[in-house]
Amino acid sequence: MTINGEPVATEETLPVINPATEEVIAHVPNATVQDLHAAVKSARAAFSRWSSTSIDERSEFLCKLGDAISANREELATLLTLEMGRPSAAARGEIDGASYWLKEVAKQRLKREVIEETENHLVERYYTPLGVVGAIVPWNFPFALSIWKIAPALLAGNTVVVKPSPYTPLTALKIGEIASEILPAGVLNVVSGGDDLGRWITEHPDVNKISFTGSTATGKKVMQSAASHLKRVTLELGGNDAAIVLPDADPAKIAKPLFWAAFRNTAQVCIATKRMYVHEDIYDAFLAELVNFAKDVKVGNGSDPATDLGPIQNKMQYEKVIDLIEDTKRIGANIVLGGEIEDQPGYFIPVTIVDNPPEDSRVVVEEAFGPVLPVLKYRDYDDVIARVNNTKYGLGGSIWGNDIEMAKSIAERLETGTVWINEVSVLSPHYPFGGHKESGLGIEHSLDGLAEYTNSKTIMINKRK
Ligand code: NAD
């Protein structure tokens, strides 16, 4: 771990498992409450100095961190493949993307705003940092999601304690190591441990904000325990995103992007397409194109350059996805591809596509977070919009077709934070991103996301003498 710029070990450790082989590849520290206290104390001590440096200086630090990440690209990508299962090329992409992200966030500025200026009165709004930010990260994009929190939190003048998922702690621990050569001591601390460590962070009286990405169930617990000190919270949670394919779409053209929308990262993506609604006029043609593309995609060990999709990241999730497939078989739904799990080491699940299962089946209603996709038929726009909105989730969604005006009018009626038209999963440090309903609270990325790492402060001056 990195606490106050120093490497810290613990007596107790946690094993890290390579999901492609089920072998233990490392043991990482299992932080105690005392370790967390030390991390928060060092972040608190570093805060007054860090928050009073100029934003341009902090911005330079972020760029240097971005360069250092690029310089360690191969080691980080290898670790990511080993801990997460991600194929090597995609692992390198995650590292490169994080470095880019740091440098783009470094360009952002929340400007002092003059709200009113008259002869007698001046009203200005400032943004001030919050203090210590606790960043709690899941296992599906352990590196990128850590950086997405670290970059805006530090730029805004906060200090940070990061806690990766116990399943994928290696790359985040490495960020601490790399940053200790660049940032002043205490500005960025990284601690590893189990779910309890997450809870201790959310309960800690000296942590001012929690930036959490993870499941909706845990997000609710985070909000509850953050309430005790009225901590600020940003929650990026689960999703059950739908794609709606219009009757004028070209099945041959869209099958490939829609395949990747659903299965990228072995479908362990919050904004993965998890339900695909296709107009009945082109349903059969689309399903045939999708299955035709999907059958040649190679699932395997991410270290093999020929692999397109790696394993499920952990045993718990693997068993959950298998249970969902078993349930799909039990109800007699038509599985047109995959569905059979081979008895071999590693948490591998084949690409599985289900042909028009009932709307209330578990494979449609639940967030699979694994490579099982229901393709569903619709006839009427009002009906499909109602079905897509009939979920507690509201993260994203996409619409595919040539009639852009129709696509836009549907987009306006979807109850989600993002809707893409003829593209999907496009994210940027400059586009606001956040969930509606039980998919989250608050915004990440963009100036709105940066503002969530600050307090708004209004100063008014009566100029009359
Ligand atoms: P999870 O909720 O189980 O764990 C997330 C993190 O929270 C881990 O670091 C975990 O140790 C920690 N944690 C567990 N219990 C805690 C508690 N009581 N208090 C504080 N922290 C606690 O999620 P996961 O299984 O790691 O990730 C998968 C989920 O994340 C999926 O639902 C997915 O959709 C969601 N996700 C959302 C986004 C988004 O941006 N909306 C992005 C990626 C993943």
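Residues numbered from 1 in each chain as written. Predicted model: local features only at pLDDT ≥ 70, side-chain atom pairs only at ≥ 80, totals over all residues. Heavy atoms only, no water.

**Digging into the nonpolar core**
Where a protein is soluble and globular, its nonpolar side chains tend to be buried together.
Argument step 1. Membership of the largest hydrophobic core comes to 109 residues, with the highest contact counts inside it found for Ile 147, Leu 258, Met 276, Phe 286, Ile 353 and Val 375.
Argument step 2. At 10 residues, helix α5 (residues 142–155) tops the list of elements feeding residues into this core.
Argument step 3. Here this core spans two domains, and each of domain 1 (2–237 + 437–462) and domain 2 (242–421) adds at least three residues to it.
Argument step 4. In contact with Ile 353, other than residues within four places in its own chain, are Phe 263, Leu 287, Leu 290, Val 291, Ala 294, Asn 334, Ile 335, Val 336, Leu 337, Leu 373 and Val 375. (Core = buried A, V, L, I, M, F, W, Y, C linked by side-chain atoms within 4.5 Å. Buried < 20%, exposed > 50% of the residue type's maximum accessible area, 1.4 Å probe, protein only. Helix = DSSP H or I, 4+ residues; strand = E, 2+ residues; numbered from the N terminus. Domains from an automatic or database assignment. Contact = heavy atoms within 4.5 Å.)

**Some points on the site of the ligand**
Argument step 1. In the vicinity of the ligand lie 29 residues, with Val 137, Asp 195, Ser 215, Leu 237 and Glu 367 positioned nearest.
Argument step 2. Trp 139 is positioned with one of its side-chain polar atoms (N or O) 3.0 Å from an oxygen atom of the ligand.
Argument step 3. In isolation the ligand has 850 Å² of accessible area, and contact with the protein removes 91% of it.
Argument step 4. Elements supplying a minimum of two residues to the shell around the ligand: α7 (195–203), β10 (209–213) and α8 (216–226). (Near = heavy atom within 4 Å. Polar contact = N/O pair within 3.5 Å; in protein donor to acceptor, adjacent residues only side chain to side chain. Areas by Shrake-Rupley, 256 points an atom, 1.4 Å probe, with all protein chains shown as cover.)

**A closer look at the packing of aromatic side chains**
Argument step 1. This model, assessed by the stated rule, comprises 9 aromatic pairs.
Argument step 2. Ring geometry for Trp 50 versus Phe 61: centroids 5.4 Å apart, planes at 50 degrees, classification tilted. Of this pair, Trp 50 sits in helix α1 (residues 33–52) while Phe 61 sits in helix α2 (residues 55–71), placing them 11 residues apart in sequence. For the pair formed by Trp 50 and Phe 61, the shared burial category is buried.
Argument step 3. Taken together, a centroid distance of 6.3 Å and an interplanar angle of 45 degrees make the contact between Tyr 378 and Tyr 381 tilted. (Phe/Tyr/Trp six-rings, centres within 6.5 Å; stacked < 30°, edge-to-face > 60°.)

**A closer look at the sheet that holds strand β6 (residues 121–129)**
Pairing between sheet strands relies on hydrogen bonds along the backbone, with the strands arranged either parallel or antiparallel.
Argument step 1. Spatial ordering of the open sheet is given by β5-β6-β20, a layout of 3 strands whose pairing is antiparallel. A single partner strand is all that each edge strand has here, and the edge strands are β5 (113–117) and β20 (454–462). With strand direction ignored, the average angle separating the axes of adjacent strands in the sheet is 20 degrees.
Argument step 2. Bridge analysis of β5 against β6 gives 4 bridges, and the strand direction is antiparallel. (Pairing = 2+ DSSP bridges. Axes fitted to C-alpha atoms, helices over the stretch in contact; angles between N-to-C directions.)

**Brief notes about the pairing of β10**
Argument step 1. Most of β10 is tucked away, with 5 of its 5 residues classed as buried.
Argument step 2. Side chains Lys 209, Ser 211 and Thr 213 project from β10 onto one buried face, and the interleaved Ile 210 and Phe 212 project onto a second face that is buried too.
Argument step 3. Looking at chain direction, strand β7 (residues 132–136) and β10 are connected through 4 bridges and run parallel. Looking at β10, one finds that Gly 134 is bridged to Ile 210.
Argument step 4. Summarising the sheet, β10 and strand β11 (residues 232–236) pair through 5 bridges and their orientation is parallel. When the bridges of β11 are listed, Thr 213 appears paired with Glu 236.
Argument step 5. As for the winding sense of the linkage, the β-α-β connection from β10 through α8 to β11 is right-handed. (Right-handed = clockwise from strand over helix to strand, strands pointing away.)

**Some thoughts on helix α10 (residues 283–294)**
Argument step 1. In a regular helix each residue adds 1.5 Å, so 12 residues correspond to 16 Å; α10 covers 16 Å between its end C-alpha atoms and thus fits that length.
Argument step 2. Residues Tyr 283, Phe 286, Leu 287, Leu 290, Val 291 and Ala 294 constitute the buried set of α10. Seen from one end, α10 has its buried residues packed into an arc of 125 degrees, which puts them on one side.
Argument step 3. Buried residues in α10 make contact with α9 (251–263), β13 (273–279), β14 (334–337), β15 (352–355) and β16 (372–378). (Expected span 1.5 Å × (residues − 1). Arc of directions from axis to C-beta.)

**Some words on the UniProt feature "active site" (unreviewed entry) in the chain**
Argument step 1. Mapped onto this structure's residue numbering, the UniProt feature "active site" (unreviewed entry) falls at Glu 236.
Argument step 2. Within the element layout of this structure, Glu 236 appears in strand β11.
Argument step 3. In contact with Glu 236, not counting residues within four places along its chain, are Phe 212, Thr 213, Gly 214, Leu 395, Phe 433, Gly 434, Gly 435, Ser 439, Gly 442, Ile 443 and Glu 444. (UniProt positions renumbered as here; feature names shortened; annotations may be inferred.)

**Things to note about the pairing of strand β4 (residues 23–29)**
Argument step 1. Relative to β4, strand β3 (residues 13–18) runs antiparallel, the two being bridged by 6 bridges. Paired with Asn 18 across the strands is Glu 23, a residue of β4.
Argument step 2. Between β3 and β4, which pair antiparallel one after the other, the connecting turn spans 4 residues, and Glu 22 there sits at a positive phi close to 65 degrees.

**Describing the UniProt feature "domain: Aldehyde dehydrogenase" (unreviewed entry) in the chain**
Argument step 1. Look at the UniProt record and you will see "domain: Aldehyde dehydrogenase" (unreviewed entry) annotated at residues 11–459.
Argument step 2. Span residues 11–459 is 40% helix and 20% strand, its end C-alpha atoms 50 Å apart.

**Remarks on the environment of Ile 55**
Argument step 1. Mapped onto the fold, Ile 55 is located in helix α2.
Argument step 2. On the basis of relative accessibility, which here comes to 28%, the residue Ile 55 falls in the partly exposed class.

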